[in-house]
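# Summary of the model geometry
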Amino acid sequence: MINKWNFQTPTEEELRKRDALAAEIGFSPIICLLLVQRGITTAEEARKFFKPNLNDLHDPFLMPDMDKAVKRLNRALGNKEKILIYGDYDVDGTTAVSLVYKYLRPYSSSLDYYIPDRYDEGYGISYKGIDYASDNGVSLIISLDCGIKAIEKIEYAKGKGIDFIICDHHMPDDTLPDAVAVLDAKRVDSIYPYEHLSGCGVGFKFMQAFAKSNNFPFSELEKLLELTAVSIASDIVPITGENRILAYYGLKQLNSNPSLGLKGIIDICGLTGKDITISDIVFKIGPRINASGRMMNGKEAVELLLAKDVESAREKSENINQYNDERRELDKKITDEANAIIDEFANMEDRKAIVVYNRGWHKGVIGIVASRLTEKYYRPAVVLTKSSELITGSARSVTGFDIYKAIENCRDLLENFGGHTYAAGLSLREENLDAFTERFLKLAADEIIPEQMTPQIDIDAILDLKDINAKFMSELKKMNPFGPDNQKPVFCSLNVKDYGTSKLVGKELEHIKLELIDDKSNTPIHGIAFGMHQHSTHIKGMKPFNICYTIEENTYNGNTTLQLMIKDIKVDDI
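Residues numbered from 1 in each chain as written. Predicted model: local features only at pLDDT ≥ 70, side-chain atom pairs only at ≥ 80, totals over all residues. Heavy atoms only, no water.

## Considering the pattern of salt bridges
Quick reminder of the rule: Salt bridges are defined as contacts in which a side-chain nitrogen from Lys or Arg sits within 4 Å of a carboxyl oxygen from Asp or Glu. The helix count covers DSSP runs of H or I at least four residues long, the strand count covers runs of E at least two residues long, and both are numbered beginning at the N terminus. Each residue's exposure class comes from its accessible area (1.4 Å probe, protein chains only) as a fraction of the maximum for that residue type: buried when under 20%, exposed when over 50%, partly exposed otherwise.
Tallying each qualifying case throughout the model produces 40 salt bridges. Among the ionic pairs, aspartate 131 bridges to lysine 160, the shortest N-O distance being 3.7 Å. With aspartate 131 in helix 6 (residues 127-135) and lysine 160 in the loop between helix 7 (151-159) and strand 5 (163-167), the pair connects residues that are 29 residues apart, well separated along the chain. Lysine 160 gets classed as partly exposed once you look at its relative accessible area, which sits at 35%. Lysine 223 is the salt-bridge partner of glutamate 220, the closest N and O atoms lying 3.1 Å from each other. Via salt bridges that share partners, Asp65, Lys68, Arg187 and Asp189 belong to a single interconnected network.

Below you can see the structure in the form of structure tokens.
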């Protein structure tokens, strides 16, 4: 599939602000333009962006019901009530449970945690979990990363004398559960200044408010920010505003003094001694934590994150790594089967969305498979399997198509659903499958325009190769942490040529190791183009071509050099 390159042409106003900012802070005009495009136009705003400050975290009591939540928690601790920390089985849920449990552990000897089984109980608060709490004398449940739609479950718990404090970040319905407190910055009545917190982030704000109400030092809570960083990266929430502050300090903790559990994962990922980034969490740390809930039970991930000794952390990390290997094999098998189903679609070119179902697929990996189908076909994808009496599924989307809203428009056919703009989950009865498929495909057909089904690469700026140097990289790195709404900048260089030393590499010679020059520089710069061997003949013919890329640092034998990570090559006009 051919990528469309989108160039962000700056306006006259943006150029004026760029020049003013460059004069004020002394940075490259390119970096200053990137800042302006992110709404940063003054030296003070740049300072806050480059060096986030924990003092800029919002007052947690601005969140609706926070005072009620803190009052109920203080009462429970004072009365030595049994408290259950309940969370979802994914990375966001397990890190949230670990953070709240760790922080409250010194203040209570009657603390327990619970992660529902993905297969036996499904997503969110379950009747089985409430029964577990009742059987164990629990009078307060703190739910994390779930609960915002659990109206019937909360009523069931109240009938058993159990109170709920809900900490969630998913979209609420018009009616909220009748809990003691519902903490969610997406509530329609919320005046909280930032609505993009992760589930773990909401749990952190709850603990911040609890600490503030008791005049406890913030330093103990600060040690747990590594967990918020892992959740922010893994749940793909915007790394802006308050999330940027939490991620920035969480990464510092993760790199300087990680907990034993996370250190175990860092070691097994091969990240020891490396400067860990958001990307490392997304592609290495997060999937391993997730694998526990996908293949076995998310409780094992919490046990790892709470580990108190090195041997226990090492053993649990090895277990989780094994689950991740098994997950990879299963993921590939089911993706191949899903592709085979799609190959049989008579009108795939005309379809604007994909819905595939196989009752035998493993529930734990269908979200990953949906992501892979969206990446391959550049269409929204819903992947469904049978789970107990219901069909359950995961959905992923493309830019500009709100898949949560589309699924919400099918709610009369569903038993349950939830999620975000680009990712959602759902369950339905088998007799409603055909009606759901037909309606969902029609919604996609009516809303999606052809441009949305074409892979897009947004180009932030055009660079001459001579502009890529250590000073530029130093300034670029100050924009970390990168992530949604602060993506790593993608640059373009035009009419570059092979220095004469580029070559095919890889087991099947499928990659190109590049050494490039352009008309303004005879000093070659290195690049790697994975899977782009088809351009080798053109490149080796010393003909000019265009590239888009991110700039990375490559360290080998103690020497650090700059390398272009090529995203696409165009040998013709753009």
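## Points about the pairing of strand 2 (residues 82-87)
So the rule is basically this: Two strands pair under a simple rule: DSSP has to find at least two bridges between them.
With respect to burial, strand 2 is a largely interior element, five of its six residues being buried. Bridge count between strand 2 and strand 4 (residues 138-144): six bridges; the pairing is parallel. Following the sheet pairing, isoleucine 85 is matched in strand 4 by isoleucine 142. In this sheet, strand 3 (residues 111-114) lies alongside strand 2 in parallel orientation, the contact comprising four bridges. Across the sheet, residue tyrosine 86 finds its bridge partner in strand 3, namely tyrosine 114.

## Digging into the sheet that holds strand 7 (residues 354-357)
Definition in use: What counts as an axis is a line fitted to C-alpha atoms, over the stretch in contact for a helix, and the angles between N-to-C directions run from 0 to 180 degrees. Whether two residues touch is decided by their heavy atoms; if any such pair falls within 4.5 Å, the residues are in contact.
Taken together, the five strands give an open sheet; going across it, the order is 7-8-9-11-10, and neighbouring strands pair in mixed fashion. For this open sheet the edge positions go to strand 7 and strand 10 (416-419), each flanked by a neighbour on one side alone. With strand direction ignored, the average angle separating the axes of adjacent strands in the sheet is 15°. As defined by bridge partners, strand 7 adjoins strand 8 (residues 381-387) across four bridges and the pair is classed as parallel. In the sheet register, valine 356 faces strand 8, and the bridge partner there is valine 383. Together, strand 7, strand 8, strand 9 (390-396) and strand 11 (423-428) form the strand contacts of helix 18 (residues 433-447), whose direction differs from that of strand 7 by roughly 160°.

## Structural notes on the nonpolar core
For clarity, the threshold we go by: Residues enter a nonpolar core if they are buried and are Ala, Val, Leu, Ile, Met, Phe, Trp, Tyr or Cys, with the set joined through side-chain atoms within 4.5 Å.
Counting residues in each nonpolar core, the largest one holds 78 residues, and the members touching the most others are Ile85, Leu104, Ile142, Phe206 and Ile285. Not counting the four nearest positions on each side in its chain, leucine 104 is found in contact with Leu73, Ile85, Leu111, Ile142, Met207 and Phe210. Core analysis: the second largest hydrophobic core is formed by 39 residues, Leu514, Phe545, Ile551 and Leu564 among them.

## So, the sheet that holds strand 2
Strand order in the open sheet formed by five strands is 3-2-4-5-6, with parallel pairing between adjacent strands. Of all strands in the sheet, those with a lone pairing partner are strand 3 and strand 6 (181-183), marking the two edges. Here the strands of the sheet are splayed against their neighbours by 20° on average, with no regard to which way each runs. The pairing of strand 4 with strand 5 spans five bridges and is classified as parallel.

## Structural notes on the packing of aromatic side chains
Spelled out, the test is: The aromatic pairing rule takes the rings of Phe, Tyr and Trp, using the six-membered ring of Trp, and pairs them if the centres are within 6.5 Å, calling planes under 30 degrees apart stacked, those over 60 edge-to-face and the rest tilted. Sitting over a ring, as applied to charges here, requires NZ of Lys or CZ of Arg to be within 6 Å of the ring centre and within 35 degrees of the ring normal.
Tallied over the full model, the rule gives 19 aromatic pairs. Where phenylalanine 436 meets phenylalanine 440, the ring centres are 5.8 Å apart and the plane angle is 25°; that geometry is what we call stacked. You can see phenylalanine 436 and its partner phenylalanine 440 sitting in helix 18, four residues apart, about one turn around the helix. For phenylalanine 436, a relative accessible area of 0% corresponds to the buried category. Through a chain of ring-to-ring contacts, three or more aromatic side chains come together here, namely Tyr103, Tyr107, Phe210 and Phe216. Over the face of the ring belonging to tyrosine 127 we find lysine 153, whose NZ or CZ atom lies 5.2 Å from the ring centre. One Lys or Arg, lysine 299, reaches over the ring of tyrosine 113 and ends 5.5 Å from the middle of that ring.

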